[in-house]
Every structure is written in structure tokens, then in C-alpha cells.
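Overview (structure and organization)
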Amino acid sequence: MIHSLFLINSSGDIFLEKHWKSVVSRSVCDYFFEAQERATEAENVPPVIPTPHHYLLSVYRHKIFFVAVIQTEVPPLFVIEFLHRVVDTFQDYFGVCSEPVIKDNVVVVYEVLEEMLDNGFPLATESNILKELIKPPTILRTVVNTITGSTITAEIQGVIDACVKLTGMPDLTLSFMNPRLLDDVSFHPCVRFKRWESERILSFIPPDGNFRLLSYHVSAQNLVAIPVYVKHNISFRDSSSLGRFEITVGPKQTMGKTIEGVTVTSQMPKGVLNMNLTPSQGTHTFDPVTKMLSWDVGKINPQKLPSLKGTMSLQAGASKPDENPTINLQFKIQQLAISGLKVNRLDMYGEKYKPFKGIKYMTKAGKFQVRT
């Protein structure tokens with residue numbers, strides 16, 4: 001029944017999304033944003049908004065819009081009542097329902113939403129039942145989530161690279177499903193900037209061969225969906241020459257796509273002489289001279305998460321390292337733009353032949369660093 005849920009703040013930023021049956025693109029919220037702009041006050045946004053392929057049903061509470069996406073006609077009050085139950089459950093679990101609290105307890109939020117809906121249909125909506133399934137966050141759990149789950153900074157550097165092999169002087173137009181994502185943009189000189197300003201359509205006569213059509217930057221932290229997570233347990237003891245090392249890598253916001261080409265590197269402290277580790281998949285190396293740990297993971301299987309566990313040998317009598325090592329990740333995800341940007345259509349004018357058109361999306365890690 002309910003395909004997706006988006007949580008949107010008063011500024012129009014999507015700070016959390018959950019999908020059940022299938023992944024619905026964030027671009028569907030453009031219809032909601034248009035209605036939000038027309039409304040004089042937040043309370044005046046229509047609770048039911050029809051779109052060409054979906055219905056958007058929303059409630060506004062605690063300065064947050066809870067927007068449900070459905071594809072078939074259902075009694076709207078049924079969905080709206082469920083959304084109120086979601087808000088009440090968050091309030092009961094966390095004491096207050098607000099954007100910062102939801103972000104701080106995002107793991108529990110996803111667990112609760114997963115139990116409340118089964119394949120899109122309401123399953124468990126009573127707080128007392130949910131608390132038996134998922135324990136409310138204690139002070140200790142809140143501290144752990146804050147230490148291990150908070151994002152310090154996140155940004156996306158995106159590009160659209162083109163390969164054009166067309167005869168004559170073709171005039172191309174390229175439109176996007178969600179052009180509002182493109183705020184900080186740099187264009188190739190062939191792009192007609194005035195048309196982009198007025199219609200948010202890229203109009204251009206392309207040069208031959210390979211060229212960069214545009215580059216864009218997304219810096220708002222709450223718009224950057226982190227695609228992977230790292231669980232870690234790295235500890236050194238004052239009175240022991242051994243340390244514990246354990247990390248696990250898993251998918252987070254991948255829209256059902258496979259994370260591949262995963263490599264993990266970490267610069268270990270000088271006091272580490274050697275490491276005795278066992279990977280659940282892939283291969284690893286440790287250079288005792290440079291103190292560099294490398295783990296070639298490969299693809300991540302969500303059903304069996306890759307892990308690297310073992311012990312570290314430390315110099316006898318050496319003091320405990322001042323800080324834990326930083327973990328660096330490299331990965332790529334085929335056919336996914338983590339920014340949410342999607343091409344709508346590409347049209348050609350000025351020539352009579354029919355061109356071949358194709359598009360390929362890719363997400364690739366730049367500097368992805370986890371502090372332990």
C-alpha cells in the first residue's frame with residue numbers, strides 16, 4: 001500500500017527516507033514542494049496531492065512533513081491515520097519528535113518503520129508491541145549512536161560526461177526529472193545558459209567526442225545519502241601488548257544496487273608491530289614498516305556482510321596510542337547517482353537521422369573517511 005515515506009523539514013529538505021515495496025525517486029517530492037510554495041503557511045499544504053503516477057499523502061507535525069507515497073487508490077484517512085501513528089510512536093520512543101532527535105536515532109527509526117509496515121501494509125502500530133520487538137534507546141545506546149553514527153561533513157561532487165559522435169550540426173536538449181537538485185553548477189561553453197535559467201533545460205550544440213557537459217556540487221549534509229556504513233571495535237589496553245581490531249562494512253542507502261570495488265585502508269599507529277587478522281571475504285595485507293593495513297573486499301553481499309577481525313601486536317612497554325586509526329574506504333555503485341539526479345529525456349533537432357542514445361550512472365567514493 002505505502003511504497004515510500006519521506007520526512008521533510010520546513011525548509012524543504014528531505015532528511016530521511018524509507019522505502020518498502022520499491023524505491024521511489026526523490027523527484028516525486030517536487031510535486032509536494034510546488035504545493036508547499038503555493039501554500040501561505042505549512043498547515044495549508046493539501047494533505048492529498050495527486051501526481052501522474054503516485055499520490056502524496058502528508059501530515060505536518062512538530063515542524064516536519066511526513067509524506068507517504070502510494071501508487072494505488074486507498075482511503076486517504078487510512079494512510080493519514082497511519083502517519084499520525086508514526087509521529088506518536090517517535091514521540092513515545094524518544095520523548096520528543098524533532099529533526100535532530102530523528103537524525104540522532106536514525107538506526108532505531110529505521111528499525112521501527114520496518115516493523116510498523118510489512119511490505120507496505122501496516123503490521124505493528126502499537127507502541128507497547130513495538131517496544132517488545134525493538135528496545136527504546138537508552139542513554140548508553142544514544143551515546144553509542146552519537147559516537148559511531150554521526151556525519152561530520154558530507155558533500156557530492158557530480159559530473160555529466162558526454163561522448164558524442166553525431167554527423168552534421170545536431171541541436172540537443174537534455175531535461176532532468178529533478179533539476180532543483182542542480183544549484184551549484186558549472187557548464188560547458190556550448191550550453192545556452194539563458195534557457196537553463198528560464199526553463200531548467202540544457203540546450204546545446206555539442207562538440208565531437210568526449211567532453212564534460214556540466215559539473216555540480218551538493219554540500220547540504222541532509223541531502224547527502226551516505227551509501228555505506230562501517231561498524232568498528234578497535235581497542236588498545238594500557239597493560240597489554242595486544243590490541244583488538246574488528247570492522248564490518250555494510251550497505252546503507254543504495255536503492256537496491258550492489259556496492260562493488262570496495263577497498264579499506266587504515267594507517268595504524270607506530271606502536272603496532274604486526275596484525276593477525278581473518279577476513280570473512282577478500283584479502284588483506286599489513287606492512288609492518290609503513291604500518292599500512294589494506295583490505296580488498298570486493299562486492300558487498302547484504303545477506304553476509306564482510307568483516308575483518310583479529311588482534312594487534314604492540315611494542316612491549318610502549319604507551320597506549322593517543323588515538324585510534326582512521327578508516328578509509330573506496331567503492332563504486334553502478335547505475336546509481338547518489339545525489340538523486342536523473343535524466344528525463346534527450347531530444348535532437350536539426351538533423352533527420354535517428355541517433356542512438358544511452359545513459360550510465362555511477363557513484364564513486366572520493367574521500368570517504370571513518371573516524372574510530
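Relevant structure appears above.
Residues numbered from 1 in each chain as written. Predicted model: local features only at pLDDT ≥ 70, side-chain atom pairs only at ≥ 80, totals over all residues. Heavy atoms only, no water.

**A closer look at the sheet that holds strand 12 (residues 209–218)**
- In space, the three strands of this open sheet follow the order 8-12-10, with antiparallel pairing throughout. Both outer strands of the open sheet, strand 8 (156–164) and strand 10 (184–187), are each paired with one neighbouring strand and no more. For this sheet, the mean inter-axis angle between neighbouring strands, taken without regard to orientation, is 20°.
- Inspection of the sheet shows strand 10 paired to strand 12 by four bridges, in the antiparallel sense. Across the sheet, residue F187 finds its bridge partner in strand 12, namely L214. (Pairing = 2+ DSSP bridges. Helix = DSSP H or I, 4+ residues; strand = E, 2+ residues; numbered from the N terminus. Axes fitted to C-alpha atoms, helices over the stretch in contact; angles between N-to-C directions.)

**Points about the sheet that holds strand 16 (residues 272–279)**
- In spatial order, the strands read 13-14-19-16; together these four strands make up an open sheet with antiparallel pairing. Unpaired on one side and paired on the other, strand 13 (228–236) and strand 16 mark the two borders of the sheet. Averaged over all adjacent pairs, the angle separating strand axes in this sheet is 15°, with direction ignored.
- Relative to strand 14 (residues 242–251), strand 13 runs antiparallel, the two being bridged by nine bridges. For V230, the partnering residue across the bridge sits in strand 14 and is V249.

**Examining the pairing of strand 1 (residues 2–9)**
- Here strand 1 lies mainly inside the structure; eight of its eight residues are buried.
- Here strand 1 pairs with strand 5 (residues 64–70) via seven bridges, running antiparallel. Within the sheet, the bridge partner assigned to L7 lies in strand 5 and is F66.
- As paired strands, strand 1 and strand 2 (residues 14–19) are joined by five bridges and run antiparallel to one another. Paired with L5 across the two strands is K18, which belongs to strand 2.
- Here strand 1 folds back onto strand 2 in antiparallel fashion, the turn holding four residues, of which G12 has a positive phi close to 90°. (Buried < 20%, exposed > 50% of the residue type's maximum accessible area, 1.4 Å probe, protein only.)

**Re the state of the cysteines**
- Taken as a whole and judged by the stated rule, the model has zero disulfides.
- Not part of a disulfide, C97 finds its nearest cysteine sulfur in C29, a span of 17 Å.
- Cysteine C163 remains unbridged, with the sulfur of C190 as its closest cysteine sulfur at 14 Å. (Disulfide = S-S within 2.5 Å.)

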